[in-house]
Amino acid sequence: MGQETRFIAFNSARESLAKLHPAVLELEKMARDRDSYVKFLEEWTRYSWKWARESKYATVFRIQASILRAIREYLDSHGFTEALPPIIGPVTDPGIRGAKQVTVDFYGHEYKVMSSAILYKQYMAAVLGKVYFVSPNIRLEPNDSIFTGRHLVEFFQVDIEILDGTLEDAMSLAEGLFMHVARYVEEVHGADLEKLGRTLPEYRTPFARYTHAEAVELVNRLGCRNPRNTEILWECEKVLSAHHTSPLFIYGYPKGSRGFYNREDPERPGYLRDFDMLYPEGFGEAISGGEREYEPAKVIARIKESGEDPKKYKWFLEMLRDFYPLKTAGFGIGVERLTRYICGLRAVWESRPYPKVAGIGPTP
């Protein structure tokens with residue numbers, strides 16, 4: 001593990017940030033004047049049809065279609081079956097890190113619009129073995145999320161799950177999937193990428209892998225202060241991302257930082273069998289995934305630890321008991337973030353023709 005730039009020449013955070021992709025730097029420059037940036041986003045989102053048919057964005061949306069085609073091609077060729085995702089349900093993903101869920105009245109019952117299909121893909125993995133959804137999600141993100149360039153309120157995610165899969169299986173699949181998509185887009189859209197001014201790096205595999213503790217140590221040595229046993233802060237994640245020219249993995253996050261469904265490592269209590277994959281060049285988080293907690297008693301305890309009522313998860317807990325032991329692993333990859341990275345765009349609001357961002361409305 002740690003093949004690429006791990007523990008080599010520790011540049012300062014400033015030096016690492018100098019390696020940010022020009023599009024990421026442009027976003028930072030735009031967001032520096034917050035009032036002007038908000039006004040820009042208001043115009044961008046409310047009148048999206050004015051820019052969506054420009055040649056640049058027509059190209060981006062064609063590349064996005066090819067990205068989805070490449071994802072399906074890779075997963076189908078590796079024995080996965082695409083299933084239809086849920087849209088609403090009694091519960092949805094609670095591990096959405098500060099975002100709020102959307103509630104609807106379903107004939108007198110409180111239902112949630114999916115913030116991710118995490119619980120349902122475990123269900124379908126029990127049915128089909130290796131499964132994926134191309135799934136729409138809604139997350140009411142905090143207003144200041146508009147300054148990250150990484151958050152949309154409405155977005156699509158490819159959700160993948162493997163029956164009897166492990167953390168290592170999921171990370172290996174994520175690496176193979178990304179490499180297939182990148183090569184596919186370069187082959188099919190080489191001229192388009194050139195028109196966009198985008199040159200994808202020469203990726204080195206296997207991607208670097210850091211434990212969460214190693215990643216924290218590295219960003220701290222790079223000059224970005226990140227507390228131990230917490231999520232990697234966005235500013236530090238950006239430094240770490242800019243420090244690499246290939247995607248990288250961080251695994252083994254502290255238990256309290258993630259949703260109840262990520263399995264606690266039986267050999268390292270307090271840490272999870274989970275991972276994130278980051279894009280290089282400062283683009284940041286690409287993928288979250290891991291092994292799933294499958295012992296019903298542990299799941300109930302973890303739900304309570306997170307401050308939620310296990311009764312809300314009645315169907316999920318009944319399913320876990322009926323399918324016991326439902327051991328799965330998987331991950332989700334955001335389509336708009338992948339499009340942003342491949343095309344070298346300033347933010348995810350350039351990778352969706354009718355973007356919805358926190359705090360700005362009405363929009364198409």
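Residues numbered from 1 in each chain as written. Predicted model: local features only at pLDDT ≥ 70, side-chain atom pairs only at ≥ 80, totals over all residues. Heavy atoms only, no water.

## A look at the overall build of the protein chain
If you tally the helices and strands in the protein chain, you get 12 helices and 11 strands. Taking 21 Å as the expected radius of gyration for a compact globule of 364 residues, we find that the protein chain reaches 20 Å, a close match to that expectation. Its C-alpha atoms give the protein chain principal-axis dimensions of about 55 × 50 × 40 Å. Burial analysis of the protein chain (364 residues in total) assigns 57% to the buried set. Of all intrachain contacts in the protein chain linking residues separated by at least 6 positions in sequence, the fraction that spans at least 24 positions is 73%. Computing the positive centroid from 49 side-chain charges and the negative centroid from 51, the protein chain places the two 3 Å apart. (Helix = DSSP H or I, 4+ residues; strand = E, 2+ residues; numbered from the N terminus. Rg over C-alpha atoms; globule rule 2.2 N^0.38 Å. Buried < 20%, exposed > 50% of the residue type's maximum accessible area, 1.4 Å probe, protein only. Contact = heavy atoms within 4.5 Å. Lys, Arg positive; Asp, Glu negative; His and termini not counted. Charge placed at Lys NZ, Arg CZ, Asp CG, Glu CD.)

## What to know about the packing of aromatic side chains
A complete count under the given rule lists 27 aromatic pairs for this structure. Ring-pair connections join several aromatic residues into one group, and the members of that group are Phe178, Tyr203, Phe207, Phe249, Phe275, Tyr279, Phe283, Phe331 and Tyr341. Directly above the ring of tyrosine 253 sits arginine 258, whose terminal nitrogen or CZ lies 3.8 Å from the centroid. In this structure, arginine 346 is placed above the aromatic ring of tryptophan 44, and the distance from its NZ or CZ to the ring centre is 5.6 Å. (Phe/Tyr/Trp six-rings, centres within 6.5 Å; stacked < 30°, edge-to-face > 60°. Lys NZ or Arg CZ within 6 Å of the ring centre and 35° of its normal.)

## Here's the deal with the packing of helix 2 (residues 22-32) against helix 3 (residues 34-46)
Where helix 2 contacts helix 3, the two axes come as close as 5 Å, and the packing angle between them is 110 degrees. With respect to each other, helix 2 and helix 3 are oriented roughly perpendicular. Here Leu27, Met30, Ala31 and Arg32 of helix 2 come into contact with helix 3, specifically with Arg34, Tyr37 and Phe40. Looking at side-chain class alone, the contact of helix 2 with helix 3 contains 5 nonpolar, no polar and 2 charged residues. (Axes fitted to C-alpha atoms, helices over the stretch in contact; angles between N-to-C directions. Parallel < 35°, antiparallel > 145°, perpendicular 65-115°, else oblique. Nonpolar A, V, L, I, M, F, W, Y, C, P; charged D, E, K, R; others polar.)

## Here we look at the environment of phenylalanine 283
Position of phenylalanine 283 relative to the elements: it lies in the loop between strand 9 (274-279) and strand 10 (284-291). Of the residues examined, phenylalanine 283 reaches a relative accessible area of 3% and is grouped as buried. Spatially, the C-alpha atoms of phenylalanine 283 and tyrosine 341 are 6.6 Å apart, while their sequence positions differ by 58 residues. In this view, phenylalanine 283 contacts His21, Val24, Arg150, Arg198, Trp234, Ser241, Arg340, Tyr341, Gly344 and Leu345; residues no more than four positions away in its chain are not counted.

## What about the pairing of strand 10?
A regular strand carries its side chains on alternate faces of the sheet. Among the 8 residues in strand 10, 7 count as buried, and that is most of the element. Pairing analysis gives 6 bridges linking strand 9 to strand 10, with the strands arranged antiparallel. By the bridge assignment for strand 10, leucine 278 is matched with glutamate 285. Hairpin geometry of strand 9 and strand 10 is characterised by an intervening segment of 4 residues between the two adjacent antiparallel strands and by a positive phi of about 65 degrees at glutamate 281. Across 5 bridges, the pairing between strand 10 and strand 11 (residues 328-334) is antiparallel. In the strand pairing of strand 11, isoleucine 287 is matched with isoleucine 333. (Pairing = 2+ DSSP bridges.)

## Things to note about the confidence of the model for the protein chain
Low pLDDT marks regions whose predicted coordinates should not be analysed in detail. On average, residues of the protein chain score 94 in pLDDT, and 96% of them are at 70 or above. Every residue in residues 1-10 scores below 50 in pLDDT, and together they form 27 contacts with partners more than four places removed in sequence or on other chains. (pLDDT = per-residue confidence, 0-100.)

## Details of the nonpolar core
In this structure, Leu75, Val158, Phe178, Phe275, Phe331 and Ile342 are the most contacted members of the largest nonpolar core, which totals 71 residues. Per-element tally for this core: the top contributor is helix 7 (residues 167-196), with 14 residues. Once residues within four sequence positions are removed from consideration, leucine 75 is found in contact with Phe80, Tyr132, Val158, Ile160, Leu173 and Leu177. Membership of the second largest hydrophobic core comes to 20 residues, among which are Ala117, Val299, Leu320 and Leu326. (Core = buried A, V, L, I, M, F, W, Y, C linked by side-chain atoms within 4.5 Å.)

## Some words on the pairing of strand 3 (residues 103-106)
Two strands pair when backbone bridges link them, and strand 3 and strand 4 (residues 109-113) are joined in this way by 4 bridges, in the antiparallel orientation. Across the sheet, the residue bridging to phenylalanine 106 is histidine 109, located in strand 4. The loop that links strand 3 with its antiparallel partner strand 4 comprises 2 residues; one of these, tyrosine 107, has a positive phi angle of about 50 degrees.

## As for the sheet that holds strand 3
Spatially, 3 strands are ordered 2-4-3 in an open sheet, and the strand pairing comes out antiparallel. Each of the sheet's edge strands pairs with one partner strand only, and the pair in question is strand 2 (88-89) and strand 3.

## Brief notes about the UniProt feature "domain: Aminoacyl-transfer RNA synthetases class-II family profile" (unreviewed entry) in the protein chain
The feature "domain: Aminoacyl-transfer RNA synthetases class-II family profile" (unreviewed entry), as annotated in UniProt, sits at residues 61-362 in this numbering. Taken end to end, residues 61-362 is 35% helix and 20% strand, and its first and last C-alpha atoms sit 23 Å apart. (UniProt positions renumbered as here; feature names shortened; annotations may be inferred.)

## Quick look at helix 5 (residues 55-77)
One turn of the α-helix equals 3.6 residues, which is why residues spaced by three or four share an orientation. A rise of 1.5 Å per residue sets the reference length of helix 5, with its 23 residues, at 33 Å; its end C-alpha atoms lie 33 Å apart and thus fit the reference within 8%. Glycine 79 lies just past helix 5 and shows a positive phi near 85 degrees. (Expected span 1.5 Å × (residues − 1).)

## Quick word on the pattern of salt bridges
With the rule as written, the count across this model stands at 29 salt bridges. One salt bridge connects lysine 56 with glutamate 350, and the closest N-O pair in it is separated by 3.5 Å. You can see lysine 56 sitting in helix 5 and its partner glutamate 350 sitting in the segment after helix 12 (335-343), a full 294 residues away along the chain. Here arginine 273 ties to glutamate 168 by a salt bridge, and the two come within 3.2 Å at their closest N and O atoms. Linking arginine 273 in the loop between strand 8 (248-251) and strand 9 with glutamate 168 in helix 7, this pair joins segments that are 105 residues apart in sequence. With relative accessibility at 39%, the residue glutamate 168 sits in the partly exposed group. (Salt bridge = Lys/Arg side-chain N within 4 Å of Asp/Glu carboxyl O.)

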